[in-house]
Protein chains: 2
Amino acid sequence: MIEKVCIDLSHGSGGRAMAQLIDTLFVKVFDNEWLAQKNDQACFHVEKGRMVISTDGHVISPIFFPGGDIGSLSVNGTINDVVMSGAKPLFLSVGFIIEEGFPIESLERIVKSMAEAAKKAEVAIVTGDTKVVEKGKGDGIFITTTGVGVVPEGVNISGDRAKPGDNVIINGFLGDHGIAIMSKRENLQFHTEIKSDCAALNDLVKVMVEVVPDIHCLRDPTRGGFATTLNEFAKQSQVGFIIEEDKLPIRPEVMSACELLGLDPLYIANEGKIIVICAEEDTDNVLTAMRNHPLGKEAQVVGKVIEDDNHFVQLKTRFGGSRIVDWLVGEQLPRIC
Amino acid sequence: MIEKVCIDLSHGSGGRAMAQLIDTLFVKVFDNEWLAQKNDQACFHVEKGRMVISTDGHVISPIFFPGGDIGSLSVNGTINDVVMSGAKPLFLSVGFIIEEGFPIESLERIVKSMAEAAKKAEVAIVTGDTKVVEKGKGDGIFITTTGVGVVPEGVNISGDRAKPGDNVIINGFLGDHGIAIMSKRENLQFHTEIKSDCAALNDLVKVMVEVVPDIHCLRDPTRGGFATTLNEFAKQSQVGFIIEEDKLPIRPEVMSACELLGLDPLYIANEGKIIVICAEEDTDNVLTAMRNHPLGKEAQVVGKVIEDDNHFVQLKTRFGGSRIVDWLVGEQLPRIC
């Protein structure tokens, strides 16, 4: 039993309150053999091969939003970063930074949401750390998760492997996450039915690499959105892109919200989307594998990799024109992650 | 070249300013093949065996202190958590949460300090993430680091392996880190020559487990200090401890500062100390190995593991009495980590 209503500095002091929080909440809810050992590190067996490690901090506001919360987001987000190498994610670590006065009830809800997301993705949260900062020195709760996973043999996915002639595929609607978050911001509330697309993509990627191990690039277009990820690929692979605007799946509600807020949906964060770059001859197989999976039903080719010494991402507009979709300069207000 | 003087929200937006920060600071200063790949995850080869993962958040104030800074602390602290399993640390990930307005000069200083600490410990910082929060929603900079390492065969160190009859060893003076930090707190400044003991303990542990692979328990008494770590061991191993006060190495300056502030040095955080529990017959070998290492010169036996159904940590005082050194209830103000 946790007797207090709010987190106070004693929950981060290393003393009895912290031990109680670990025992009655984290160990109980995350429920796995590694955490139960209560060492400062978790030990696990590995086979000879390749592993990946990835980390992501989550500072989102509001922490509860339509389609998810900071807990599920922190688990799915890092799982996805691991998965974008083609790896099977195995373990997560979690670092909480909590502001004094944060309701323990909210922490419990977040921890349960993390446990559920982890269970769904068959990943264990095996070690962690909790720090408490004085009131006014944080923003409720920040969660940094780190994941490790194992890369299957023959898979070699990297942002520098896009080649002219390759196709660009996306698995569904862009911008849902960002618009869902913004619709709940204190100073911005507007009505929308849009939910975050927050989801772990490990199972989708698993079936994709089983069918086509030689996928060239994978990345989830989170912060900075679709446009930023393509610009990253262009720079890493020293290529350009031509994207066809009329093929980009964007919900009318997302488009309206973007018009209202003066935002470009191509730069809005997603949390369950994946950009795939693969050879022309592999495209049909990748598409079929994706469309047979619940998280890839709307998968489609949206553009092509081209030779371009400027490494530009070009958008062929609906009206037959073209514009350059550049790196974001400054920021699209408001910050959502 | 980073053109700005302070971190602003654009450095966390995924756009051009963030890419610039990554290229001109992180990739350049951390300087390794994994980070240079600029994927959202780092890929590395492993051999069949056992690995460990550990994570630690760093929210210390002030961020620069005698003997270190939040950068070296975040590297050494997590390396030490990995090392306390007997593992050789290999890779670190880092998650920055930076408050808008934080001076880029300070960030550069911190990043350089991290790189230096990592290089010294022969560990690479291979992947990371940066988030920027609005002014007033953070406290300058928070750094969460996660480390992975490989456990040598035959080594099986865990907090539940302390056995009655085992000896308790410490590698040097207690409380230096906490007192160094407190001496620099805005509202507490007092004069002391004490420096933080912040150091990576990987090389010390390496020579120890080479000589005695069957060390039972290792832990670095950071937050909550020596007393908290022993209480954790008592609970995990279902034993008690008798510690001899006159054998505990505490500098007179640390003792005076504790008296001044009304603190118990046994609960003060350390960042370069290690508590070792090993069998009676292994003790001399462990001690010799430690004393031959620069970070173990002052190593000595300070107490014993005993049978005790109450799992008490008892202190035999200088005057022949005894008192129970219990879990910390509430907190020793001020918070220092």
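Residues numbered from 1 in each chain as written. Chains lettered and ligands numbered in written order. Predicted model: local features only at pLDDT ≥ 70, side-chain atom pairs only at ≥ 80, totals over all residues. Heavy atoms only, no water.

### Topic: the overall build of chain A
Scanning chain A from N- to C-terminus turns up nine helices and 14 strands. For chain A, whose C-alpha radius of gyration is 21 Å, the value lies close to the compact-globule estimate of 20 Å for 337 residues. Across its three principal axes, chain A shows a C-alpha extent of roughly 65 × 50 × 35 Å. Of the contacts made within chain A by residues no fewer than 6 positions apart, 83% connect residues no fewer than 24 positions apart. A total accessible area of about 13,000 Å² is found for chain A, and carbon and sulfur atoms account for 49% of it. (Helix = DSSP H or I, 4+ residues; strand = E, 2+ residues; numbered from the N terminus. Rg over C-alpha atoms; globule rule 2.2 N^0.38 Å. Contact = heavy atoms within 4.5 Å. Areas by Shrake-Rupley, 256 points an atom, 1.4 Å probe, with all protein chains shown as cover.)

### Details of the packing of helix α1 (residues 16-30) of chain A against helix α4 (residues 104-120) of chain A
Residues and elements named next belong to chain A. Put simply, α1 and α4 touch, their axes get as near as 8 Å, and they point 30 degrees apart. Relative to α4, the element α1 lies roughly parallel. For the element pair α1 and α4, the recorded crossing hand is right-handed. Residues L21, L25, F26, V29 and F30 of α1 form the contact with α4, whose participating residues are L107, E108, V111, K112, M114 and A115. Partitioning the contact of α1 with α4 into residue classes produces nine nonpolar, no polar and two charged. (Axes fitted to C-alpha atoms, helices over the stretch in contact; angles between N-to-C directions. Parallel < 35°, antiparallel > 145°, perpendicular 65-115°, else oblique. Left-handed = near helix turned anticlockwise from the far one by under 90°. Nonpolar A, V, L, I, M, F, W, Y, C, P; charged D, E, K, R; others polar.)

### A few points about the packing of aromatic side chains
Applying the stated criterion across every chain, the model contains nine aromatic pairs over all chains. Note on A:F26 and A:F30: the rings are 6.2 Å apart at their centroids and 10 degrees apart in plane angle, and the pair reads as stacked. With A:F26 and A:F30 both in helix α1 and four residues apart, the pair spans about one turn of that helix. Neither residue differs from the other here; A:F26 and A:F30 are each classed as buried. Here B:F26 and B:F96 contribute two aromatic rings whose centre-to-centre distance is 5.1 Å and whose plane-to-plane angle is 10 degrees, an arrangement assigned as stacked. One end of the pair, B:F26, is in helix α1 (residues 16-30); the other, B:F96, is in strand β5 (residues 88-99), with 70 residues separating them in the sequence. Here B:F26 falls in the buried class, since its relative accessible area comes to 8%. In this structure B:F96 comes out as buried when scored by relative accessible area, which is 2%. The side chain of A:R109 reaches across the aromatic face of A:F64, ending 3.6 Å from its centre. (Phe/Tyr/Trp six-rings, centres within 6.5 Å; stacked < 30°, edge-to-face > 60°. Buried < 20%, exposed > 50% of the residue type's maximum accessible area, 1.4 Å probe, protein only. Lys NZ or Arg CZ within 6 Å of the ring centre and 35° of its normal.)

### Structural notes on the pairing of strand β6 (residues 124-133) of chain B
Residue and element names in this part refer to chain B. Within β6, nine of the 10 residues are buried, leaving the element largely enclosed by the surrounding structure. As paired strands, β5 and β6 are joined by nine bridges and run parallel to one another. Looking at the pairing, E99 lines up with V133 of β6. (Pairing = 2+ DSSP bridges.)

### Describing the sheet that holds strand β6 (residues 124-133) of chain A
One open sheet holds the five strands; their spatial order is β6(A)-β5(A)-β7(A)-β2(A)-β1(B), and the pairing between them is mixed. Because the sheet does not close on itself, it has two edges, and the strands there are β6 of chain A together with β1 (42-46) of chain B. For this sheet, the mean inter-axis angle between neighbouring strands, taken without regard to orientation, is 20 degrees. Against the sheet, helix α3 (residues 70-83) of chain A touches β2 (49-58), β5 (88-99), β6 and β7 (141-151) of chain A, its axis set at about 145 degrees to β2(A).

### Some remarks on the environment of A:F91
Residue and element names in this part refer to chain A. Along the polypeptide, F91 turns up in strand β5. Each C-alpha atom, one on F91 and one on V123, is 5.5 Å from the other, the two residues being 32 residues apart in sequence. Once residues within four sequence positions are removed from consideration, F91 is found in contact with W34, F44, V123, A124, V126, T146, G147 and V148.

### A few points about the sheet that holds strand β13 (residues 313-316) of chain B
Adjacent strands of a sheet form backbone hydrogen bonds with each other and so pair up, either parallel or antiparallel. Residues and elements named next belong to chain B. If you walk across this open sheet you meet the seven strands as β9-β11-β8-β12-β10-β13-β14, and the pairing is mixed. With one partner strand each, in any of the chains shown, β9 (217-219) and β14 (322-324) form the two edges of the open sheet. Mean inter-strand twist for the sheet, computed between neighbouring axes without regard to direction, equals 25 degrees. With four bridges connecting them, strand β8 (residues 167-170) and strand β11 (residues 275-278) associate as antiparallel partners.

### A closer look at the domain arrangement of chain A
All names here are of chain A. Segmenting chain A into domains produces domain 1 (9-151) and domain 2 (167-324). Using C-alpha coordinates to define each centre, domain 1 is positioned 27 Å away from domain 2. The interface of domain 1 with domain 2 comprises 18 residues on the first partner and 20 residues on the second. Of the roughly 1,600 Å² buried between domain 1 and domain 2 on both sides combined, carbon and sulfur atoms contribute 65%. Together, P66, N80 and M84 form the three largest contributors to the area buried by domain 1 at its contact with domain 2, with a combined 36%. At the junction of domain 1 and domain 2, the tally comes to zero salt bridges. (Domains from an automatic or database assignment. Buried area = accessible area lost by both parts, 1.4 Å probe. Salt bridge = Lys/Arg side-chain N within 4 Å of Asp/Glu carboxyl O.)

### Digging into the environment of A:K163
Residues and elements named next belong to chain A. As for its position among the elements, K163 is in the loop between β7 and β8 (167-170). What makes K163 partly exposed here is its relative accessible area of 39%. The spacing of K163 and E307 is 144 residues in sequence and 8.1 Å in space, taken between C-alpha atoms. Dropping the residues within four chain positions of it, K163 is found in contact with H216 and V305.

### Quick word on the relation of the copies chain B and chain A
Superposing chain B onto chain A takes a rotation of 180 degrees combined with a translation of 0.0 Å along the rotation axis, leaving an RMSD of 0.0 Å. These values place the two chain copies in the arrangement generated by a two-fold rotation axis. Both copies share a contact surface, since 100% of the interface residues of chain B are interface residues in chain A too. (Least-squares fit on C-alpha atoms with pLDDT ≥ 70 in both.)

### Considering the interface of chain B and chain A
If you look at the interface, chain B gives 76 residues, while chain A gives 76 residues. Taking both partners together, chain B and chain A bury about 6,400 Å²; carbon and sulfur atoms supply 53% of that area. Taken as a group, B:R16, B:I53 and B:R223 account for 11% of the area that chain B buries against chain A, more than any other trio of residues on that side. Inspection of the chain B/chain A interface yields 14 salt bridges. Between A:D56 and B:K131 there is a salt bridge, with the nearest N and O atoms lying 3.1 Å from each other. Where chain B meets chain A, there are 43 residue pairs in polar contact (both at pLDDT 80 or more). Looking at the side of chain B that touches chain A, the element that brings in the most residues is strand β2 (residues 49-58) of chain B, giving nine residues. Residues of the side of chain B that touches chain A, tallied by class, amount to 25 nonpolar, 29 polar and 22 charged. When strand β1 (residues 42-46) of chain A meets β2(B), the two strands line up antiparallel, connected through five bridges. Within β2(B), the position partnered with A:H45 by the bridge is B:R50. (Polar contact = N/O pair within 3.5 Å; in protein donor to acceptor, adjacent residues only side chain to side chain.)

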